[in-house]
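Close look at the chain arrangement
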Amino acid sequence: MGGFHSEAAAGVSVTTDDPNWWDGAVGYEVYVRSFADSDGDGVGDLEGIRRRLPHLAWLGVDIVWLTPFYPSPMADFGYDVSDYEAVHPLFGDMADFDRLVSDAHDLGLRVVIDIVPNHTSNRHPWFVDARSSPGAARRDWYIWRDPGPDGGPPNNWWSVFGGPAWTLDPGTGQYYLHLFLPEQPDLNWANPEVREAFVGILRFWLERGVDGFRIDVAHALAKDPGLRDLPQHCRADESMHRTEAWMCFDHIHDIDQPEVHEIYREWADLAAGYEAVLVGEVYLLRPSQVVPYVKPRGHLDLAFAFAPMHMAYDPSAYRRLFGRFTELADRGIAWVQCSHDEPRSVTRFGGGDLGRRRALALSVLMMGLPGVPWLYQGEELALEDGKVPVDRIVDPVGRIHPEDSRDGCRTPMPWEEGPGMGFTTGEPWLPMDDRDGGDTVAVQKRDPGSWLNRYRRLISVRHEIDRFARPDSIEWIESPTQVVAYRRGPVLVMANMADEPVAVTSPPGKWQVRYSTGRGLPGGSIPPTLGGAEALIAVRD
Ligand code: GLC
């Protein structure tokens, strides 16, 4: 990414002399409701984020993704948008947004905003018009069908959140499609007016200075024109775990349709004029499904790789996954192990000290790869999921299946000790009383051995090595089965994924450790054993 990071460190404004400025960057997801609250209402807001930007600049990340802050009835906490060109009063106003972007740029940070194009809120004026009558001007902006022969839904499609993907609109006697909640009707992307409307929305934000978009549900916009039934292997019903029910179907007509790429071709042309980055939430797990979305085959700059959030802590599985991705994609993958949609990786990996060490070791593996490693807020503190009692669950998914609730990963950032933990002076919207001083930014910042300082050093080493670790080809190193080790040019990355120490041999040549989660000292040579969940990055001397 050229000299971008060092300029950032010096506090110089973002320059636009490199159209691929995002290449080699480190991303960071801010879940707007839970980052920082400036007005004491218990919900995070844009001004709160602006005041905490120095933390992100200090941490060394380059791109800040803001989850949706638009007007919304909040059926899905902002992923049900009722106006794409305004700020929800809960989060502030347009002046707050402008100040946030401007301060971020002064700190050398880029701002990527969330765009939600697969569906709107059912209270968006477009849908209010569409459902008003079969002949309404915007009727065809959504997907309507007559009931099936038995009066039920027109086909067997299923919602990601559980239940049939169709809701009957009694007023007009037709069903409308929603791949998520009934409050999130899917737009009809086959209609050129919808495409035109979104080009206008993207331009609106680009003109306001945003540096790119994270595209929500990027793989689902286009649907099979015939809305054909999906092949089905088992009976799906609403009492099942939502993923289990979703897996009863072969999703060959509802998502990942070829027409989706046409949409992004147009967006990429627009984004190029502003040197903006397009990052897709392509929620498909196989590398061969994700890679066609990114350049040079597709049109997006980056797509998240979500598979690491859905697999066991298994060295051979990681080796296969990273191997396949890096073989197929150039530098278009954004590596994640956490988000606002899944339990935090520390929790998934068993929690406690071991869970934390495992999460950091996986981060080390990701930080050595080409592409863009991406952190979720609080990952730098090695947070476990917050504890949310069942009667405090607000996530629409968790209200149906509490064990599947997304609230645990969404509890507010603990900034400092004391009531509200520096997040709010009021009552936080989700409980955070299970956090202690050791979880906070303030306490961890003072301790050189804290998780926060370890993540910060890792990010700094990542920037350093990414500059010279070219070309990108990855060479997997023969190692004990518990160990994942690869070379990328003059850089060597090794992680022991077992809980027990394991003996390792250094590849030929002289290597100097640049980063270690354990006993390998920076500047030293590769130690003969790696401790449980220990990882390191070395460079050829
Ligand atoms: C994405 C978001 C998730 C949201 C869903 C529907 O997966 O990350 O939070 O519920 O889209 O918009």
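Residues numbered from 1 in each chain as written. Predicted model: local features only at pLDDT ≥ 70, side-chain atom pairs only at ≥ 80, totals over all residues. Heavy atoms only, no water.

Notes on the state of the cysteines
- The full count for this structure, using the stated rule, is 1 disulfide.
- Sulfur of cysteine 338: no disulfide; nearest cysteine sulfur belongs to cysteine 409 and is 8.3 Å away.
- For cysteine 338, a relative accessible area of 4% puts it in the buried group.
- Of the residues examined, cysteine 409 reaches a relative accessible area of 1% and is grouped as buried. (Disulfide = S-S within 2.5 Å. Buried < 20%, exposed > 50% of the residue type's maximum accessible area, 1.4 Å probe, protein only.)

Remarks on the pairing of strand E9 (residues 302-305)
- Every second residue of E9 is oriented toward a common face, with Leu302 and Phe304 on one face and Ala303 and Ala305 on the other, all of them buried.
- Judged from the 2 bridges that link them, strand E8 (residues 277-280) and E9 form a sheet pairing that is parallel. When the bridges of E9 are listed, glycine 280 appears paired with alanine 303.
- Summarising the sheet, E9 and strand E10 (residues 333-335) pair through 3 bridges and their orientation is parallel. (Helix = DSSP H or I, 4+ residues; strand = E, 2+ residues; numbered from the N terminus. Pairing = 2+ DSSP bridges.)

Things to note about the packing of helix H2 (residues 46-59) against helix H14 (residues 451-468)
- Relative to each other, H2 and H14 sit at 60°, their axes nearing to 9 Å. Comparing their axes, H14 and H2 come out oblique. Touching His55, Trp58 and Leu59 of H2 are Leu452, Asn453, Arg456 and Ile459, all from H14.
- Among the residues forming the contact of H2 with H14, the class breakdown is 4 nonpolar, 2 polar and 1 charged. (Axes fitted to C-alpha atoms, helices over the stretch in contact; angles between N-to-C directions. Parallel < 35°, antiparallel > 145°, perpendicular 65-115°, else oblique. Contact = heavy atoms within 4.5 Å. Nonpolar A, V, L, I, M, F, W, Y, C, P; charged D, E, K, R; others polar.)

Some thoughts on the packing of aromatic side chains
- Scanning the model with the defined rule gives 34 aromatic pairs in all.
- Ring centres 5.6 Å apart and planes at 80° place the aromatic pair phenylalanine 69 and tryptophan 205 in the edge-to-face group. In this pair, phenylalanine 69 sits in the loop between strand E2 (63-66) and helix H3 (94-106) while tryptophan 205 sits in helix H5 (residues 192-207), placing the two residues 136 residues apart along the sequence. You'll find phenylalanine 69 and tryptophan 205 in the same group, each marked buried.
- For the pair tryptophan 126 and tryptophan 141, a centre-to-centre distance of 4.9 Å together with 65° between the ring planes defines the contact as edge-to-face. Residue tryptophan 126 is found in helix H4 (residues 125-130), and its partner tryptophan 141 is found in the loop between H4 and strand E4 (144-145); the two are separated by 15 residues along the sequence. Both residues of the pair, tryptophan 126 and tryptophan 141, count as buried.
- Chaining the aromatic ring pairs together yields one cluster made of Phe69, Tyr70, Tyr84, Phe97, Trp126, Trp141, Trp189, Phe198, Phe204, Trp205, Tyr264 and Trp267.
- Lying across the ring of tryptophan 429, arginine 33 places its NZ or CZ 4.2 Å from the centre.
- Directly above the ring of tryptophan 58 sits lysine 445, whose terminal nitrogen or CZ lies 4.4 Å from the centroid. (Phe/Tyr/Trp six-rings, centres within 6.5 Å; stacked < 30°, edge-to-face > 60°. Lys NZ or Arg CZ within 6 Å of the ring centre and 35° of its normal.)

Looking at the site of the ligand
- Close contacts around the ligand come from 14 residues, with Asp76, Asp216, Glu281, His340 and Asp341 the closest.
- A distance of 2.5 Å separates an oxygen atom of the ligand from a polar side-chain atom of aspartate 76.
- One of the side-chain N or O atoms of arginine 406 is found 2.9 Å from an oxygen atom in the ligand.
- Here the ligand has 310 Å² of accessible area as a free molecule, and 96% of this is covered by the chains.
- Class assignment for the residues of the shell around the ligand results in 4 nonpolar, 3 polar and 7 charged. (Near = heavy atom within 4 Å. Polar contact = N/O pair within 3.5 Å; in protein donor to acceptor, adjacent residues only side chain to side chain. Areas by Shrake-Rupley, 256 points an atom, 1.4 Å probe, with all protein chains shown as cover.)

As for the domain arrangement of the protein chain
- Along its sequence, the protein chain is carved into domain 1 (4-118 + 194-220 + 274-459), domain 2 (125-177) and domain 3 (473-540).
- The straight-line distance from the C-alpha centre of domain 1 to that of domain 2 is 33 Å.
- Buried surface at the junction of domain 1 and domain 2, summed over both partners, amounts to about 510 Å²; 82% is from carbon and sulfur atoms.
- When the buried surface of domain 1 facing domain 2 is broken down by residue, Val194, Ala197 and Val397 rank first, second and third, together holding 50% of it.
- Where domain 1 meets domain 2, there are 0 salt bridges. (Domains from an automatic or database assignment. Buried area = accessible area lost by both parts, 1.4 Å probe. Salt bridge = Lys/Arg side-chain N within 4 Å of Asp/Glu carboxyl O.)

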